[in-house]
Amino acid sequence: MQRSREIPIHMRRNGFDPVPELNAIQQNDGIVRSTSPFGMDTWLVTRYADVRRVLSDWESFSNVPPGSAEPGKGSTMLQPGNVLVVDPPEHTRLRRTVASEFTPRRLLRLEPRITGIVNDHLDALERSGSPGDLVTSFSIPVPSLVICELLGVPVEDREDFLRYTNGFLNTSFSDEERKALHAESQAYLAQLAVRNRTDPGDGLLGRMTLEHGDELSDAEIVGMVSLLLLVGHETTSDMLSLGTLALLRHPDQLDRLRRDPELIDTAIEELLRWLTIAHVSTTKVATRQVEIAGHVINAGDLVTCSFPAANRDPDFVTRPDELNITRPPSRHVAFGHGPHHCIGAPLARLQLRIALPILLARFPGLKLAAEPEFRSGHLTHGLNSLPIAW
């Protein structure tokens, strides 16, 4: 029997926390040789200041994968439009075409629909009766429908669209099933891109076509939307479930938030820092010899950054392992940093700011019905299930 690959140290968690071995790396060397999620030999950077340096210096640490002459050849990751595998100025060109969709003014129009989606799913959860699973009934479907609203997916297509997106998060699916779902979603998005060329809707796809259709190919549009779909949906879903669990595990913090709802924005920033859903940055390639924490990184070496370690760095925040929703908002790296800082961060924050208060107000007696099941070996930290009662 083939032995399964060991989970890299930066993808391991002890409940909410990074494993002690990762903390030891930060306190001692700060940077070590490790293995990327895809089995490549890489340097792992753990200290907050070093992580920000790597993420901001794209000229020294490139996002372009080694050996890739041009995006779109071979790997799914290299499909056109994937802003994670290009550097400025190409990255700047692509990002500019969607940046306006994530401004506060544009997102304001989504607030009523997000509120409606949240209430609809909590209504259904309440009708089904206590206990229930918050992951399957709430934290997965809500961001899926929000993405539908953002993109302008027609109502008649949403059932199939939700099947694609929810399948990405279903850990019971095999790799083959996930690949099949990905292929179906790509085919659907390609059709939707073509449809918006002739009949632009009022969603992101339609506006991208109207405003930037001459400079973007259909393949680039599909690639960019696919990334928004996969990364934006999954991380928000994980934050909804893990954020709820974190508050339930810290009743003093939950009680403080209930008594002072104005703390919600501060609480969200602290939950983002403390939970840090994304384990690691995209793998970067050193373009020249540099030194980090006293170690020489040679040109061609691969470098990744540990977000949970950086966000728990005692040189960054005091008492970093303590969840404190009154802590002044910090410049955490939960959404990354620099040119590749997550463009969907404002939408994720908006969903959390709407969904968490409504959930807590709807179920004042919210509690755990059974032990939650943490997910292991996945590119983001999350839960397979969160049994709740009220």
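I will try to describe carefully the structure that is included in this document. Predicted model, so just to flag it, every value in this text is computed and none were measured.

Examining the environment of Leu192
At step 1: The residue Leu192 is located in helix α9 (residues 175-198) in this model.
At step 2: Each C-alpha atom, one on Leu192 and one on Pro339, is 29 Å from the other, the two residues being 147 residues apart in sequence.

A look at helix α1 (residues 20-27)
At step 1: Buried within α1 are the following residues: Leu22, Asn23, Ile25 and Gln26. Burial along α1 is one-sided: seen end-on, the buried residues are contained in an arc of 155°. The outward face of α1, more than 90 degrees from its buried face, is lined by the exposed residues Pro20 and Gln27.
At step 2: The inward-facing, buried residues of α1 contact β2 (17-18), β3 (31-35), β4 (41-45) and α14 (307-311).

Things to note about the pattern of salt bridges
At step 1: A full pass over the atoms with the stated rule returns 27 salt bridges.
At step 2: Salt-bridge contacts for Arg353 lead to Glu111; the nearest nitrogen and oxygen are separated by 3.8 Å. Taken as a pair, Arg353 in helix α15 (residues 345-362) and Glu111 in helix α5 (residues 111-128) lie far apart in primary sequence, 242 residues in all.
At step 3: Here Glu149 and Arg158 are joined by a salt bridge, their closest N and O atoms 2.8 Å apart. Here Glu149 matches Arg158 in class, with each residue buried.
At step 4: Residues joined by salt bridges that share partners form a network here, namely Glu101, Arg106, Arg109, Arg207 and Glu211.

Remarks on the environment of Val194
At step 1: Along the chain, Val194 turns up in helix α9.
At step 2: Along the sequence, Val194 and Asp218 sit 24 residues apart, while their C-alpha atoms lie 7.1 Å from each other.

A closer look at the sheet that holds strand β11 (residues 367-368)
At step 1: With antiparallel pairing, three strands are arranged side by side in an open sheet as β6-β14-β11. Across the chains shown, the open sheet's two edge strands, defined by having one partner strand only, are β6 (132-133) and β11.
At step 2: Alignment of β11 against strand β14 (residues 387-389), held across two bridges, turns out to be antiparallel. Across the sheet, the residue bridging to Leu368 is Ile388, located in β14.

Remarks on the nonpolar core
Side chains that are nonpolar tend, in soluble globular proteins, to be buried together.
At step 1: Phe102, Val118, Phe161, Leu204 and Leu275 are the most contacted members of the largest nonpolar core, which totals 83 residues.
At step 2: If one sorts the elements of this core by residue count, helix α11 (residues 218-249) sits on top with 14 residues.
At step 3: Ignoring any residue separated from it by four or fewer positions in sequence, one finds Phe102 in contact with Leu107, Leu150, Leu204, Leu228, Ile343, Gly344, Pro346 and Leu347.

Brief notes about unusual backbone geometry
At step 1: In this structure, Pro89 follows Pro88 across a cis peptide bond, with omega equal to 5°.
At step 2: Mapped onto the elements of the fold, Pro89 is located in the loop between β5 (61-62) and α3 (90-99).
At step 3: The step from Ser130 to Pro131 runs through a cis peptide bond, and the omega angle for that step is 0°.
At step 4: Positive phi outside glycine occurs at Thr276, with the angle close to 45°.
At step 5: Of note, Thr276 is situated in the loop between α13 (264-275) and β7 (284-286).
At step 6: Residue Thr276 is classed as buried on the basis of its relative accessible area of 1%.

So, the packing of aromatic side chains
At step 1: Tallied over the full model, the rule gives four aromatic pairs.
At step 2: Seen in terms of ring centroids, Phe16 and Phe374 are 5.8 Å apart; in terms of plane orientation they differ by 85°. Their pairing is edge-to-face. Residue Phe16 is located in the loop between β1 (13-14) and β2, and its partner Phe374 is located in strand β12 (residues 373-374); the two are separated by 358 residues in the primary sequence.
At step 3: Taking relative accessible area as the criterion, Phe374 reaches 29% and is therefore assigned partly exposed.
At step 4: Ring geometry for Tyr48 against Phe316: centres 3.8 Å apart, planes inclined by 10°, an arrangement best described as stacked. Here Phe316 lies in the loop between α14 and α15 and Tyr48 lies in helix α2 (residues 48-56), a separation of 268 residues in the sequence. Phe316 matches Tyr48 in its accessibility class, with the two residues each being buried.
At step 5: Aromatic rings pair up to connect Phe16, Trp274 and Phe374 into one cluster.

Looking at the packing of α5 against helix α7 (residues 141-151)
At step 1: The geometry of α5 relative to α7 is characterised by a closest axis approach of 10 Å and an angle of 150° between their N-to-C directions. Of the possible angle classes, the one that applies to α5 and α7 is roughly antiparallel. Of the two elements, α5 crosses α7, and the hand of that crossing is right-handed. Only Pro141, Val142, Leu145, Val146 and Glu149 of α7 make contact with α5, whose side of the interface consists of Arg113, Ile114, Ile117, Val118 and His121.
At step 2: Of the residues contributing to the contact of α5 with α7, the split by class is seven nonpolar, one polar and two charged.

Let's talk about the sheet that holds strand β10 (residues 302-305)
At step 1: Reading across from one edge, β3-β4-β10-β7-β5 is the order of the five strands in this open sheet, with mixed pairing throughout. Strands with a single pairing partner mark the edges of an open sheet, and in this sheet they are β3 and β5.
At step 2: Relative to β4, β3 is paired through five bridges, and the arrangement is antiparallel. The residue bridging Arg33 from the neighbouring strand is Trp43, located in β4.
At step 3: On the sheet, α2 packs against β4, β5, β7 and β10 and is oriented at approximately 125° with respect to β10.

Cut-offs used in this document
- Residues numbered from 1 in each chain as written.
- Predicted model: local features only at pLDDT ≥ 70, side-chain atom pairs only at ≥ 80, totals over all residues.
- Heavy atoms only, no water.
- Helix = DSSP H or I, 4+ residues; strand = E, 2+ residues; numbered from the N terminus.
- Buried < 20%, exposed > 50% of the residue type's maximum accessible area, 1.4 Å probe, protein only.
- Arc of directions from axis to C-beta.
- Contact = heavy atoms within 4.5 Å.
- Salt bridge = Lys/Arg side-chain N within 4 Å of Asp/Glu carboxyl O.
- Pairing = 2+ DSSP bridges.
- Core = buried A, V, L, I, M, F, W, Y, C linked by side-chain atoms within 4.5 Å.
- Phe/Tyr/Trp six-rings, centres within 6.5 Å; stacked < 30°, edge-to-face > 60°.
- Axes fitted to C-alpha atoms, helices over the stretch in contact; angles between N-to-C directions.
- Parallel < 35°, antiparallel > 145°, perpendicular 65-115°, else oblique.
- Left-handed = near helix turned anticlockwise from the far one by under 90°.
- Nonpolar A, V, L, I, M, F, W, Y, C, P; charged D, E, K, R; others polar.

Taken by themselves, the reported measurements are silent on function.
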